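Report on the structure
The lines below spell out each chain.
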Amino acid sequence: MDALWGLLPNILAAGVAAGTPVLLAALGEIITERSGVLNIGLEGIMIMGCVSAVMVTLDLHSPLAGLAAAMAVGGIMGLLHAAFTITLKGNQIVSGLALVLLGSGLSTMLGKGVLGQPVFDLFYPEALPWLADLPYVGGIFFKHDPLTYGGILLAPLVWFFLQHTRPGLLVRAAGESPETADSLGAPVALVRYGAVIAGGALAGAGGAFLPLVQTPSWVEGMTSGSGWIALAVVIFARWDPGKALLGAWLYGAVQALGFRLQAVGVPIPSQFLNMLPYLAPIAVLVITASRSRGQAIAPRALGLPYERESR
Amino acid sequence: MPRCLPLLKKLTLALLLLSLVVSVPAALASTVKAEDGKKMKVAFVYAYNIGDYGWIYSHDQARKKVEEKLGFVQTKGIENVPKDSNAERVLTDLVKEGYKVIVCTSYDYQKTTLKVAEKYPEVYFLNSTGSVVADNVGSYFGKTFEANYLAGVLAGLMTKTNKLGYVGGNPINVGILDVNAFLLGAQQVNPKAELKVIWINTWFNPAKEREAALSLVDVGADVLGHDTNTPAIHQAAQSKGVYSIGRNTDMSRFAPKAVLTGIIWTWDGYYEPTLKAIHEGTFKPSAYWGGLQDGVVSMAPYADFIPADKIKIVEEYKAKLLAGEPVFKGPIYDNQGKLRVPEGKSLSDDELRKVDWYVKGILP
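The sections below set out a description of the structure shown in this document. It should be emphasised that the depicted structure is a prediction, and the values quoted were computed from it without experimental measurement.

**Considering the packing of aromatic side chains**
All names here are of chain B. Applying the stated criterion across every chain yields a total of 18 aromatic pairs over all chains. Joined through ring pairs, the aromatic side chains of Phe 44, Trp 55, Tyr 140, Phe 141, Trp 265, Trp 267, Tyr 270, Tyr 271 and Tyr 288 make up one cluster. In this structure, Lys 41 is placed above the aromatic ring of Tyr 99, and the distance from its NZ or CZ to the ring centre is 4.8 Å. The cationic tip of Lys 143 hangs over the ring face of Trp 289; the distance from NZ or CZ to the ring centre is 5.4 Å.

Structure, rendered in structure tokens:
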């Protein structure tokens, strides 16, 4: 057990990095859901983000271009979802599932050409000057890649945007009471479009993290469930960007913990340890749900298409 | 709302169709090569596509080599054949197209192979990784543990911490043999060598493979072996400045500073003599388990930064194996201290298939 304590900084550092793709997707989903639209297609958007990041980075030798492509593709998939659910008032669950299927099929097909090719132009970890030298926390938070720093910075920014800016207020109004927003002259549909597209772009960025930082090549199905975990993190965080940061880190750390427990020889079956990262969010969800006792914590108009005539 | 329903339905349909159109080509069996003539027709059935640079790629490389070497065969590779009942349709179609030999390259085809083989006794079926044998069905696999033993010798020479790591897919017999042989090899040249294995319970998950590799580095391992399918381990090893041993195909291009060598499938070592025997009518179905000697398993090229004297030592051990020395020769103790192979004895193939213990030095 002592060996494990010694590894704690490593586990936390690994958790911060491993949580980044989930964090980016979750922050995007928070913006989307706060505007009243549910997008469960994150897994499909993220996998498309992976494949487009690899294709563009291999071609242009720039991870920034790869990231931009992933975000653009994610934004386009968000646009699809928005058009289907906002303009056509289609079922948000159906459209989200369609995105998942579309993403997994399309990424497999597009990825055929780049399968097995190593990517060398990556976002490499960079220790931040003097912050990285801080005892304990330096190693945990300040020796990461630019995307991880970006995710950490983005959480307070998203919070500030939603709570303290006018466009953020519009997003929240569209999600809480679109009728009121509409009657005050706010363009509800436009606001929702923007939120869904932004959410898609962030999920695409989360996908880009996997091949541009973690495992630098395209592998079919490489998101392996991160999109679904991000959805769970949003609920766990109660649509609060700050708590989403904690949720993503928790997921990352639990995953890192499982393998370290095996590595130091704790006599727990490997199958159980490998289950932990998925079990932890469920456990936390159950606890948060039982505490909230049915209080309305979700945006009130979440999942409901807004129709002016039915006001 | 009712006003837009027809449009909605159409759009849902369009979206569904779109996703179908997109995923079907990927799932459809696609022909790699076909050629006409009075040659013996041999079909290779693959579960995924050859672009995985792993298992299937290695079979397809062998297919090409065999066709080049044996003038009398004509081959075709079929990708993305689903492992379920669809495989039966594909196999039956191949028989009807006049294929004399059908090579099924996945464990999961075993039952289907037997079923179709029973119906068509004049056609030969070969199934890799399985152990099924019938009048017209042979199975085949390779002794990767022999190559792992040599990789272990190299690891034993290269390690500074005397601690090796291994990322295992699933703890099955052949996987355990690989882990044991890896450490046995290291202990030949480095008696202090120990090994830690992490099982990730899947053959394929880049994120888990990477995290497992990093965990091993955290506890001091500085040479990593694996039997999982992606290059994630090598990339993780390179980022931490430790070494790794490749698997399936040459992995060095993914991490040129980390990969020392690799365990590579060279299936032509089996396909060539077997297809010859079938052609000449001398083939006897068996559960084949070949190794380095038979050329089914080989080593990837050594990294150019390895000192020549170390390579020389590995080559000496290789020569011994090729001369018939067994990997599992006594005395071998397991990690509970129990004597498993007495002095002067070695394990037969049947005994090897039952090994479910770790050798001494593998950490709990």
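Okay, back to it.
**Here's the deal with unusual backbone geometry**
Note: most residues except glycine have negative phi, and most peptide bonds are trans. A cis amide bond links Gly 330 of chain B with the next residue in sequence, Pro 331 of chain B, at an omega value of 0°. Its location among the elements puts Pro 331 of chain B in the loop between α10 (308-322) and β13 (332-333). Positive phi values are uncommon outside glycine, yet Lys 89 of chain A reaches one of about 55°. Position of Lys 89 of chain A relative to the elements: it lies in the loop between α4 (63-87) and α5 (92-111). The class for Lys 89 of chain A is buried, based on a relative accessible area of 18%. A positive phi angle is found at Asn 248 of chain B, which is not glycine, with a value near 75°. Using a relative accessible area of 4% as the deciding quantity, one classes Asn 248 of chain B as buried.

**Notes on the pairing of strand β8 (residues 223-226) of chain B**
All names here are of chain B. Because side chains alternate across β8, one face comprises the buried residues Val 223 and Gly 225, and the other comprises Leu 224 and His 226, equally buried. For strand β6 (residues 163-168) and β8, the ladder comprises four bridges, and the chain directions are parallel. Residue pairing in the sheet places Tyr 166 in a bridge with Gly 225 of β8. Pairing analysis gives two bridges linking β8 to strand β9 (residues 243-248), with the strands arranged parallel. By the bridge assignment, Val 223 is partnered in β9 with Tyr 243. Between β8 and its parallel partner β9, the chain crosses via helix α8 (residues 232-240), and the hand of that crossover is right-handed.

**Some words on empty space enclosed by the protein**
Counted under the stated rule, the structure contains four cavities of 30 Å³ or more. The computed volume of the largest cavity comes to approximately 150 Å³. The leading source of residues in the lining of the largest cavity is helix α7 (residues 206-218) of chain B, at three residues. Class assignment of the residues belonging to the lining of the largest cavity gives a composition of eight nonpolar, six polar and two charged. Estimated volume of the second largest cavity: approximately 70 Å³. Lining the second largest cavity, in full, are Ile 229, Ala 232, Val 233, Phe 236, Gly 247, Leu 250, Tyr 251, Pro 281 and Val 284 of chain A. In terms of residue count, the dominant contributor to the lining of the second largest cavity is helix α11 (residues 226-236) of chain A (four residues). When grouped by side-chain class, the residues that make up the lining of the second largest cavity number eight nonpolar, one polar and no charged.

**Some remarks on the interface of chain A and chain B**
The interface is formed by 45 residues belonging to chain A together with 43 residues belonging to chain B. Summed over both partners, the interface of chain A with chain B comes to about 3600 Å²; 63% of that surface belongs to carbon and sulfur atoms. Of all residues in chain A, the largest losses of buried area upon contact with chain B belong to Leu 88, Phe 259 and Ala 263 of chain A, amounting jointly to 14% of the total for that side. Summed over the shared surface of chain A and chain B, the result is two salt bridges. The partner of Glu 211 of chain B in a salt bridge is Arg 260 of chain A, and the shortest N-O contact between them spans 2.8 Å. Where chain A touches chain B, the interface holds eight residue pairs in polar contact (both at pLDDT 80 or more). Breaking the side of chain A that touches chain B down by element, the ones donating at least two residues are α1 (2-18), α5, α10 (188-214), α12 (241-263) and α13 (270-292) of chain A. The leading source of residues in the side of chain A that touches chain B is α5 of chain A, at eight residues. Among the residues forming the side of chain A that touches chain B, the class breakdown is 23 nonpolar, 16 polar and six charged.

Scoring rules and cut-offs
- Residues numbered from 1 in each chain as written.
- Chains lettered and ligands numbered in written order.
- Predicted model: local features only at pLDDT ≥ 70, side-chain atom pairs only at ≥ 80, totals over all residues.
- Heavy atoms only, no water.
- Phe/Tyr/Trp six-rings, centres within 6.5 Å; stacked < 30°, edge-to-face > 60°.
- Lys NZ or Arg CZ within 6 Å of the ring centre and 35° of its normal.
- Helix = DSSP H or I, 4+ residues; strand = E, 2+ residues; numbered from the N terminus.
- Buried < 20%, exposed > 50% of the residue type's maximum accessible area, 1.4 Å probe, protein only.
- Pairing = 2+ DSSP bridges.
- Right-handed = clockwise from strand over helix to strand, strands pointing away.
- 1 Å grid on protein atoms, 1.4 Å probe; cavity = no way out; pocket = protein on both sides within 12 Å on 5 of 7 lines; lining within 4 Å.
- Points joined across faces, edges and corners; volume = space filled by probe spheres on them.
- Nonpolar A, V, L, I, M, F, W, Y, C, P; charged D, E, K, R; others polar.
- Contact = heavy atoms within 4.5 Å.
- Buried area = accessible area lost by both parts, 1.4 Å probe.
- Salt bridge = Lys/Arg side-chain N within 4 Å of Asp/Glu carboxyl O.
- Polar contact = N/O pair within 3.5 Å; in protein donor to acceptor, adjacent residues only side chain to side chain.

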